[in-house]
Amino acid sequence: MKINIIFFASVLSLGLLSSCKTVNKSQKKVTKSIKPNIVLFFVDDLGWADLGFRNSVFETPNIDKLAKSGINFEQAYIASPTCSPSRATLITGKHPARLKMVRHIPGGKKNGFDRQGNTNQEYHYLERDPAQFPSRNWLPLEHVSYAEALSNQGYYNLFVGKWHLGHEKFHPIHQGFNQQIGTSNAGHPKSYYPPYFGYKGNYTDENNTYLTDKLTNEAVDFIANYDKENPFMLTFSYYSVHTPHQGRKDLLAYFKEKGLEGKFANYAAMVKATDESVGKVLEAITAKGIEKETIIIFLSDQGGYFENAPFRGAKMTETLFEGGARVPFFVKWPGITKPNTINNSVVQSTDLFPTLIDIAGGNVNQFKDLDGISLASTLKNNSTLQREAVFGYRAYEDLYVSVREGDWKLLAYRSGKTALYNIVNDIKEQNDLAYKNPDKVQELVEKLIKWEKKMDVAQYSGVQ
């Protein structure tokens, strides 16, 4: 977690961006000694508690070591804990409500998609959604991605793995990434063994390689062979540990011998394979001799599929409770962050875009409608972040929004119901304090109403 702080004084300033997308086609030649490389591990459906140092069922020595090597943000949230919205926010720094992408991009003929996962319908509806909120089927290209912003700072951008933000016309290479590997139109593979995606992609393997391992090999090869003067950002967006829960065969046998059965053995095997992947990428960085100039970021896209003790909720049920919305988030910045650092600031996935721009030496203020704040100073000082409320938002069921501010968390429903929890005193969210604290409920509801108007989603509100 350390890169000489003097690099901030010597970086190139970001060229002024208009409200339209601009990409500097001729990248600046910037030496790695000035700007750090950045590696982002973005894991799918990995729960906050699905790591060895939090739950002994799982074996994740590499991720555990990474968590202890820098800052561990204990209270990190996804703005909309579901596949596509979480990715859209990460890429753009804009809240899913602002982007009008409040559900995962579906598929299938009934939703207007062909067999290859393409569609001409910009929005889809969900029958069981009480608000009938039209959610986008792709991320519009006019939104500036962090890849485009970093490109203007001299970075080479590689995207590996799951995209789930639209079909081919909207893939990473059209959103500022120089290269993409293993990207498909699918939100998850049909199988973690070849042919992986069937008709939804042509990424396959002749050696029957497990998908997580194949993507890892690609990432390792990129690092080993990278010879440009420009710093790079590698976004490793895992398909694992998303369904189908299919562990690598050797690891599945290993966990069955330890007493796990069925889907739980498969899931533990998938988590361990992901951990091995992280370890191999980190080894490649060390072997390249660039570990002191490479920032490592680890994050999950939403809460886990299974129970997330000590929290309530998960990916499939009560998703805006802590078990669905809180995720693991670690940052190692060589020369800046210190090992074994715990930070209890409330942070959100909206913060990643401005943080990356800050790290690269850009001017965050030149980007419109960012909904997060830079964590650069928090990373440098391990300070407690003082911020306004953060909002979680989805459009699947009655529960649709959360408001977290300080110790308090408000949950609101389309039907008009509200619930209030003190997260510090009640991490399991078992004691609804709304009746005892009407003034706090009203205060947070007023902030929610103001935010909904700002996001232009007031017409779908349950509290207005």
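Our structure's up above, just so we're on the same page.
The rules behind the values
Going along each chain's sequence as written, the residues are numbered from 1 onward. pLDDT decides what is reported in this predicted model: residues at 70 or higher carry local features, side-chain atom pairs at 80 or more are listed and counted, and totals for whole chains, interfaces and linings draw on all residues regardless. Derived side-chain values reflect all non-hydrogen atoms in the structure, with water molecules and hydrogen atoms excluded from consideration. One requirement defines pairing of two strands: DSSP has to find at least two bridges between them. Labels follow the DSSP assignment, with helices taken as runs of H or I lasting at least four residues and strands as runs of E lasting at least two, numbered in each case from the N terminus. Orientation is described by lines fitted to C-alpha atoms, with helices fitted over the stretch in contact, and by angles between N-to-C directions that extend from 0 to 180 degrees. Throughout, a contact is declared for two residues whenever any of their heavy atoms are within 4.5 Å. Buriedness for pockets is judged along seven lines, at least five of which must meet protein on both sides within 12 Å for an open set on the 1 Å grid over protein atoms alone, while cavities are sets there where a 1.4 Å probe fits but cannot get out, and lining residues have an atom within 4 Å of a point. Grid points are joined across faces, edges and corners, and a volume is the space filled by probe spheres set on the points. Amino acids outside the nonpolar list (Ala, Val, Leu, Ile, Met, Phe, Trp, Tyr, Cys, Pro) and the charged list (Asp, Glu, Lys, Arg) are all regarded as polar, and Gly is one of them. Take the number of residues in a helix, subtract one, and multiply by 1.5 Å to get its expected span. Partly exposed describes any residue whose relative accessible area lies between the buried limit of under 20% and the exposed limit of over 50%, with all areas from a 1.4 Å probe on protein chains only and scaled to the type maximum. By definition, the arc is the one covered by directions from the helix axis to the C-beta atoms.

Visitor: Please provide a residue-by-residue account of the sheet that holds strand E11 (residues 390-393), values included.
Guide: Taken together, the 4 strands give an open sheet; going across it, the order is E11-E12-E13-E14, and neighbouring strands pair in antiparallel fashion. Strand pairing shows two members of the sheet lacking a second neighbour, E11 and strand E14 (418-422), which therefore form its edges. Each adjacent strand pair in this sheet contributes to an overall mean axis angle of 15°, direction not counted. Taken together, the 6 bridges between strand E12 (residues 399-405) and strand E13 (residues 408-413) define a ladder with antiparallel strand orientation. By the bridge assignment for E13, Arg-404 is matched with Lys-409. The strands that helix H12 (residues 438-455) touches are E11, E12, E13 and E14; relative to E12, the one it contacts most, it runs at about 110°.

Visitor: Describe empty space enclosed by the protein, with residues and values.
Guide: To find leftover empty space, one rolls a probe the size of a water molecule over the atoms. Per the stated rule, a full pass over the model turns up 4 cavities of 30 Å³ or more. Taken as a whole, the largest cavity holds about 70 Å³ of empty space. Lining the largest cavity are Tyr-77, Ile-78, Leu-320, Glu-322, Ala-325, Gln-348, Val-390, Phe-391, Gly-392, Ser-402, Arg-404 and Lys-409. Only helix H9 (322-325), E11 and E12 provide two or more residues apiece to the lining of the largest cavity. In terms of residue count, E11 provides more of the lining of the largest cavity than any other element does, 3 residues in total. Split into classes, the residues belonging to the lining of the largest cavity amount to 6 nonpolar, 3 polar and 3 charged.

Visitor: Quick rundown of H12? Include the residues and the values.
Guide: Between its first and last C-alpha atoms H12 spans 25 Å; for 18 residues at 1.5 Å apiece the expected length is 26 Å, and the two agree. Those residues of H12 lying buried are Val-441, Leu-444, Val-445, Leu-448, Ile-449, Trp-451, Glu-452 and Met-455. Here the buried residues of H12 occupy an arc of 170° about the axis, which is enough to place them on one side. Relative to its buried face, H12 has exposed residues pointing more than 90 degrees away, namely Asp-439, Lys-450, Lys-453 and Lys-454. Contacts made by the buried residues of H12 are with helix H4 (96-99), E11, E12, E13 and E14.

Visitor: Which residues make up the environment of Ala-49, and what values go with them?
Guide: Residue placement: Ala-49 occurs in the loop between strand E1 (37-43) and helix H2 (61-69). Since its relative accessible area comes to 3%, Ala-49 is described here as buried. Residues Ala-49 and Arg-326, spaced 277 residues apart in sequence, show a C-alpha to C-alpha distance of 9.6 Å. If sequence neighbours within four positions are ignored, Ala-49 has contacts with Arg-54, Asn-55, Phe-58, Asn-308 and Ala-309.

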